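A look at the structure
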Amino acid sequence: MAAQGGTEVKLSHTAAMILQAIHAGFVYGFSIMEMTGLPSGTVYPAMRRLERDALIRSQWEKQSIADAEQRPPRKYYKLTTAGKATLEASRRRYPLLERLVPAFTPGEEARQT
Amino acid sequence: MMGAMAAALNGVHFALLGGASVLVPRSQRREWRREWRAELWHARQMRRPGGVLCVMGEQEIAAFCLGAFQDALCLRGERTEEKAPRRNSAAQCLLRLAAITAAGVLMAELTPGVRRAANVGRYEISSDLMLIADASSGDGKEPISARRYRGWKASQQRYFETFAFYSLDREPAPSSGEPAWRLAYASENLFQVLGLPLRFAAEDGSGSAGAYAQVVLSCDAVEREFGGSAPLAGLPIRVGGQMAVFAGMLPCGAWRLPGRVDAWLLEPDEALGKAARGFLVARLSAFGKEETEGRGVQITEGDPEEPAGIFWGEPIETRARGPWDLYRFAALLALLALPAVTSVSMGDYSFSTHRPSWRRRLVRWAFLSAKIGMVLVCGYYLPLDLAYWRSAAYAYYAPQYLQLAATFLLCLMGMRWALADQKQRCPVCLSKVTNPAQVGQASRTFLAWNGTEMICLGGHTLLHVPGLPTSWFSTQRWLYLDASWEFLFSGVGEG
């Protein structure tokens, strides 16, 4: 299902919602769960598939940042260029997507700082 | 108290994650565990505000941890999919078949009932032996007296050259709470005449211990009385309340004369009771063989001391019908029925004149032969295991029918599978063709072919299977791909 030049990838509603959540700034697994209301058994496997299809990519947080906040380092997810294009297509397909997952608002918890 | 409970719950969470991590492919396990532990930290922070435990919150954390199993299974599934092409390789196929075959053979060796049944029919008895019984009553199965045996043995015979005798103990009685021994009193030469080998016998043939008679035990008796470990040859043992010297063990399935016997007490002819009645085993002379030609004969004798006797001599069946005979019959039936259930053609037709090298063709035929060979071995051992795993000894009727039916079905279906599998294996690399694609339309079958196209992931061949066989395209065909296709397949199938 790799998104390659010119090919429009059709995502399920759940996958599109996760993509939208990441785009909205909910960038680690638990925050996406909190935002979308989806269970862990759905969110994490979906993220694996999105990453496998190169729609998102992951990166570990620096240990020093985590140490400063006295918590374990997080694995952050970010949309790739293909992911952004796919999200755009998904928004056309699911018009309510942006309303279901609103954009980041400062001060809200469980998001990337 | 609260701290201890929180620690216990934390332990449960880590145990759940640890259990799920076992499912994750090893190469990804460390990172997977790290991520889930970090996420668990956040889940606890959110569901235990201020470190206070509540039922709802703990339920949610537990549900969160259980989701790790789905994630782990997802990763495992992806890895399995990646490995799928390799699973279809010829080596994997042979390994799986070999594992099934080995399991069947191992079970047959480890299950006493199966092992004994497998031995039936292994021992052949010379075709010039006859069993002679009294036919005065009409059915020809009545025993004759030991006195008559001694008389025949002592006199000159035209038809027979050697005699042996055995009589069954009619009243087996248990002694001091032991199970009843089924004894037979036999002449010392019984097993020599029958030509049956004795196991654990003294190599020099010695073993006499003075006053004690020699005894040959059946394998069942050795199993029952000595736990399968036979006593030393020449050792005095108690058999049915009397002492005797152990002379050897008759292998399972070797005894096929009338009577079920645990022990044969070998005695000199003069020790055989005058009134004892039993069966006579006689070896035909050259003249006797010519005259009888393998058929049963009636023998009439006028004895001055006994009333005129009528006897019936019947050739001893040279070999018992054992599981091996049933297997051969069922396998032959399966072979004959095979063309009725599948096409025996290998589908070797090609669009071009290109053919794989003779070495590859040889390997392909060797692969098919190995598959069929292992299917046939499985067809012998697995039904045998099924029929006899709960039987203590070789039995007739139900286990035999079960073995016959199971062997037939297994051989038939197994060979059908072997042929069908072969037809879907690339003639070049023997991996299974995959990714079926529908080509053409049935409504245009007279203009172009329609059917299924499958591809070898190694990039060697395409397989075209017609959906509607026509006179010009009736069977599957291979299309060999040339080197220009190679760039398409680089990296495909690498796990």
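Residues numbered from 1 in each chain as written. Chains lettered and ligands numbered in written order. Predicted model: local features only at pLDDT ≥ 70, side-chain atom pairs only at ≥ 80, totals over all residues.

**Brief notes about the overall build of chain A**
Regarding its fold elements, chain A presents 6 helices and 2 strands. Starting at the N terminus, the α and β elements of chain A follow one another as α-α-α-β-α-β-α-α. Counting the 113 residues in chain A, one finds 29% classified as buried. For chain A, the share of sequence-separated contacts (at least 6 apart) that also reach a separation of at least 24 residues comes to 63%. (Helix = DSSP H or I, 4+ residues; strand = E, 2+ residues; numbered from the N terminus. Buried ≥ 20, exposed ≤ 12 C-beta atoms within 10 Å, placed from the backbone. Contact = placed C-beta atoms within 7 Å.)

**Concerning the overall build of chain B**
Scanning chain B from N- to C-terminus turns up 13 helices and 15 strands. Counting every position in chain B, which comprises 495 residues, the buried fraction comes to 32%. Contacts spanning at least 24 positions in sequence make up 71% of the contacts within chain B whose residues lie at least 6 apart.

**Remarks on unusual backbone geometry**
One non-glycine residue, A:Gln70, lies in the positive phi region at around 55 degrees. One can find A:Gln70 in the loop between helix H4 (63-68) and strand S2 (75-79). Phi at B:Asn435 is positive, roughly 50 degrees, even though this residue is not glycine. Here B:Asn435 lies in strand S12 (residues 434-439). Classification of B:Asn435 by C-beta neighbours within 10 Å gives exposed; the count is 9.

**Focus on the pairing of strand S3 (residues 160-168) of chain B**
Residues and elements named next belong to chain B. The buried fraction of S3 amounts to 7 of the 9 residues, a majority that puts the element mostly inside the structure. Inspection of the sheet shows S3 paired to strand S9 (residues 277-284) by 6 bridges, in the antiparallel sense. Residue pairing across strands places Tyr-166 opposite Phe-279, the latter belonging to S9. Note: S3 against strand S4 (residues 183-187), 3 bridges, orientation antiparallel. From the neighbouring strand, Tyr-166 faces S4, where its bridge partner is Ala-186. (Pairing = 2+ DSSP bridges.)

**With respect to the packing of helix H4 (residues 90-110) of chain B against helix H5 (residues 112-119) of chain B**
All names here are of chain B. At their nearest, the axes of H4 and H5 sit 5 Å apart, and the two run at 95 degrees to each other. By the angle between their directions, the pair H4 and H5 is classed as roughly perpendicular. Across the interface between the two elements, Met-107, Ala-108 and Glu-109 of H4 pack against Val-114, Arg-115 and Ala-118 of H5. In the contact of H4 with H5, the residues fall into 4 nonpolar, no polar and 2 charged. (Axes fitted to C-alpha atoms, helices over the stretch in contact; angles between N-to-C directions. Parallel < 35°, antiparallel > 145°, perpendicular 65-115°, else oblique. Nonpolar A, V, L, I, M, F, W, Y, C, P; charged D, E, K, R; others polar.)

**A look at the sheet that holds S12(B)**
Residues and elements named next belong to chain B. Spatial strand order, S12-S13-S14-S15: 4 strands in an open sheet with antiparallel pairing. Two strands lie at the open edges of the sheet, namely S12 and strand S15 (477-480), each paired on one side alone. When the angles between neighbouring strand axes are averaged without regard to direction, this sheet yields 25 degrees. Where S12 lies against strand S13 (residues 451-455), 4 bridges are found, and the strand directions are antiparallel. The residue bridging Val-439 from the neighbouring strand is Gly-451, located in S13.

**Describing the confidence of the model for chain A**
All names here are of chain A. Scored by pLDDT, chain A has a mean of 83; 83% of the residues are at 70 or more. Across residues 1-6, confidence stays below pLDDT 50; counting only partners more than four residues off in sequence or on other chains, it has 11 contacts. Note that residues 109-113 has pLDDT below 50 and, in this model, 10 contacts with residues that lie over four places away or in other chains. (pLDDT = per-residue confidence, 0-100.)

**Side note on helix H12 (residues 398-423) of chain B**
Residues and elements named next belong to chain B. With 26 residues, H12 should cover 38 Å at 1.5 Å per step; its first-to-last C-alpha distance of 37 Å lies within 8% of that length. All of the buried residues along H12 are Pro-399, Gln-403, Thr-407, Phe-408, Leu-410, Cys-411, Leu-412, Gly-414, Met-415, Ala-418 and Leu-419. Of the surrounding elements, those touching the buried residues of H12 are helix H10 (323-341) and helix H11 (358-388). (Expected span 1.5 Å × (residues − 1).)

**Brief notes about the packing of H4(B) against H11(B)**
All names here are of chain B. Direction vectors running N to C along H4 and H11 enclose 25 degrees, while the axes themselves pass 9 Å from each other. Relative to H11, the element H4 is oriented roughly parallel. Between H4 and H11 the crossing geometry is left-handed. Contact residues: Ala-90, Leu-94, Leu-97, Ala-98, Ile-100, Thr-101, Gly-104, Val-105, Met-107 and Ala-108 in H4; Phe-367, Ala-370, Lys-371, Met-374, Val-377, Cys-378, Tyr-381, Leu-382, Leu-384 and Asp-385 in H11. (Left-handed = near helix turned anticlockwise from the far one by under 90°.)

**Brief notes about the interface of chain A and chain B**
Facing 14 residues of chain A, the contacting portion of chain B comprises 17 residues. Take the side of chain A that touches chain B: its biggest share by element is 6 residues, from helix H3 (residues 40-52) of chain A. Taken together, the residues of the side of chain A that touches chain B break down into 6 nonpolar, 3 polar and 5 charged.

**Quick notes on the environment of B:Ala186**
All names here are of chain B. One can find Ala-186 in strand S4. Spatially, the C-alpha atoms of Ala-186 and Gly-278 are 8.9 Å apart, while their sequence positions differ by 92 residues. Not counting the four nearest positions on each side in its chain, Ala-186 is found in contact with Phe-165, Tyr-166, Trp-264, Leu-265 and Leu-266.

**Side note on the environment of B:Ile299**
Residues and elements named next belong to chain B. Along the chain, the position of Ile-299 falls in strand S10 (residues 297-301). By C-beta crowding, Ile-299 is classed as partly exposed, having 16 other C-beta atoms within 10 Å. Remark: the alpha-carbon pair of Ile-299 and Ile-132, spanning 167 residues in sequence, is separated by 8.9 Å. Once residues lying within four places of it in the same chain are set aside, the contact partners of Ile-299 are Ile-132, Phe-311 and Gly-313.

**Focus on the nonpolar core**
Residue and element names in this part refer to chain B. Counting residues in hydrophobic clusters, the biggest one holds 60 residues, and the most contacted among them are Val-215, Ala-263, Trp-264, Leu-265 and Val-281. If we skip the residues at most four places from it in the chain, Ala-263 touches Trp-181, Leu-183, Val-215, Val-216, Leu-217, Ala-221, Val-239 and Gly-240. Judged by nonpolar contacts, the second largest core, of 39 residues, contains Ala-331, Val-375, Leu-430 and Leu-463. (Core = buried A, V, L, I, M, F, W, Y, C linked by C-beta atoms within 7 Å.)

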